[in-house]
Amino acid sequence: MRKRYSLPLISLHWLTVILIITAYVLATMLEDMTLSPQKLKLYAWHKWVGISVLFLLPLRLLLRFVDRFDHRYELSPFEIKASASVHGMLYLLLIAVPLLGWLHSSAAGFSVVWFGLVSLPDLVGKDKALAEIFKELHAGSVNLLLALVVLHAAAALYHHYFQRDGVLVRMIPWLRKKS
Ligand code: HEM
Ligand code: HEM
């Protein structure tokens, strides 16, 4: 059995990371802006990038399901359980964060046209009170995602620099295992 992720899975992992950072940076830029055509453009970009995370996920999960890779290789029983829980929660948040953003947008009365090309259905009707709830839930889920990502990245770096095993190399194949 293979001892690292397949190249398509590695590519999707890092593409998702780039998309999340982009969505986050766009959202923070939006916060300080007054309403203008420029701001509306950034809103649209934020939504398109965020929706891309959601749309890439089924492909990633499908590839993960058929991937012939020993996910327990080099890990202790505790690490197997801990990483499976964190990865499971990360996958759930990769669905919840964009979905709550989409729900917020629909409830606020703004339809999403993905990259100006694909018109997405409104998930709920226009409802100001509901929009506020989804806005809070979207922001809360982003914070939870960030906290888990910090934990996840710290664990990956700990494996590489302190345990000196091949866990980080699984996701960065050109990296060398520390001797
Ligand atoms: C990975 C995906 C995403 C990330 C990381 C993300 C992140 C964020 C962040 C950090 C904020 C600022 C929250 C705050 O008020 O403190 C925000 C706001 C917002 N997001 Fe997202 N988002 C994502 C996906 C989406 C999607 C898919 C949509 C809609 C289709 C969306 C719609 C919005 C809207 C409309 C706001 C502004 C809320 C307001 O202040 O009125 N987001 N997002
Ligand atoms: C937005 C940020 C990130 C998200 C959402 C994310 C998500 C994930 C998920 C869901 C997996 C599990 C893959 C699977 O087995 O199905 C994974 C694996 C992995 N990620 Fe990330 N990741 C992020 C950032 C990072 C960063 C910054 C690093 C490195 C510092 C990293 C290193 C790794 C490694 C080494 C694995 C393989 C772990 C193992 O096989 O046990 N990730 N990531």
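Residues numbered from 1 in each chain as written. Chains lettered and ligands numbered in written order. Predicted model: local features only at pLDDT ≥ 70, side-chain atom pairs only at ≥ 80, totals over all residues. Heavy atoms only, no water.

Undergrad: Would you mind going over the site of ligand 2 with me for this structure?
TA: Surveying the vicinity of ligand 2 reveals 20 residues, the closest of which are H13, R64, Y91, H152 and R170. For ligand 2, a nitrogen atom lies 2.8 Å from a polar atom in the side chain of H13. R170 has a polar side-chain atom sitting 2.5 Å from an oxygen atom of ligand 2. Secondary structure elements with two or more residues in the shell around ligand 2: α1 (7-31), α2 (37-66), α3 (77-107), α4 (128-163) and α5 (167-171). When the residues that make up the shell around ligand 2 are grouped by side-chain class, the tally is 13 nonpolar, four polar and three charged. (Near = heavy atom within 4 Å. Polar contact = N/O pair within 3.5 Å; in protein donor to acceptor, adjacent residues only side chain to side chain. Helix = DSSP H or I, 4+ residues; strand = E, 2+ residues; numbered from the N terminus. Nonpolar A, V, L, I, M, F, W, Y, C, P; charged D, E, K, R; others polar.)

Undergrad: Before we go on, may I ask you to explain the coordination of the iron atom of ligand 1 in this structure?
TA: Each pair of donors in an ideal octahedron of six around a metal sits at 90 or 180 degrees, and each pair in an ideal tetrahedron of four sits at 109.5 degrees. Protein-derived coordination of the iron atom of ligand 1 comes from H46 (NE2) and H138 (NE2), at a distance range of 2.0 to 2.1 Å. What the six donor atoms of the iron atom of ligand 1 show is an angle range of 88 to 180 degrees at the metal, which sorts the shape as octahedral. Within this pair, whereas H46 is found in helix α2, its partner H138 is found in helix α4, the two being separated by 92 residues in sequence. Both residues of the pair, H46 and H138, belong to the buried class. (Donors = N, O, S within 2.8 Å, 3.2 Å for Na, K, Ca; no water. Tetrahedral: all angles 85-135°; square planar, octahedral: opposite > 155°, others 65-115°. Buried < 20%, exposed > 50% of the residue type's maximum accessible area, 1.4 Å probe, protein only.)

Undergrad: Just to check I follow, could you spell out a nonpolar patch on the surface for this structure?
TA: Taken together, the side chains of W45, F115, L117 and V118 define a hydrophobic patch exposed on the protein surface, amounting to about 410 Å² of accessible area. Mapped onto the fold, V118 is located in strand β2 (residues 118-119). (Patch = residues over 30% accessible without salt bridge, like charges linked within 9 Å, V, L, I, M, F, W, Y side chains within 5 Å. Areas by Shrake-Rupley, 256 points an atom, 1.4 Å probe, with all protein chains shown as cover. Salt bridge = Lys/Arg side-chain N within 4 Å of Asp/Glu carboxyl O.)

Undergrad: Which parts of the structure should I look at to understand the site of ligand 1?
TA: Near ligand 1, the surroundings consist of 21 residues, among which A27, H46, G101, H104 and H138 are the closest. Here H46 contributes a side-chain N or O atom positioned 2.8 Å from a nitrogen atom of ligand 1. H138 places a polar side-chain atom, nitrogen or oxygen, 2.8 Å from a nitrogen atom of ligand 1. At six residues, the largest contribution of residues to the shell around ligand 1 is made by α2.

Undergrad: Help me understand the coordination of the iron atom of ligand 2 in this model?
TA: The protein atoms that coordinate the iron atom of ligand 2 are H13 (NE2) and H152 (NE2), at distances spanning 2.0 Å. Around the iron atom of ligand 2 sit six donor atoms; with metal-centred angles ranging over 86 to 179 degrees, the donor geometry is octahedral. In this pair, H13 sits in helix α1 while H152 sits in helix α4, placing the two residues 139 residues apart along the sequence.

Undergrad: What exactly am I supposed to notice about the packing of α1 against α2 here?
TA: It is at 9 Å that the axes of α1 and α2 come closest, and there the two elements cross at 160 degrees. Between α1 and α2, the angle falls in the class roughly antiparallel. α2 is crossed by α1, and the crossing has left-handed handedness. When its residues are assigned to classes, the contact of α1 with α2 shows 19 nonpolar, five polar and three charged. (Axes fitted to C-alpha atoms, helices over the stretch in contact; angles between N-to-C directions. Parallel < 35°, antiparallel > 145°, perpendicular 65-115°, else oblique. Left-handed = near helix turned anticlockwise from the far one by under 90°.)

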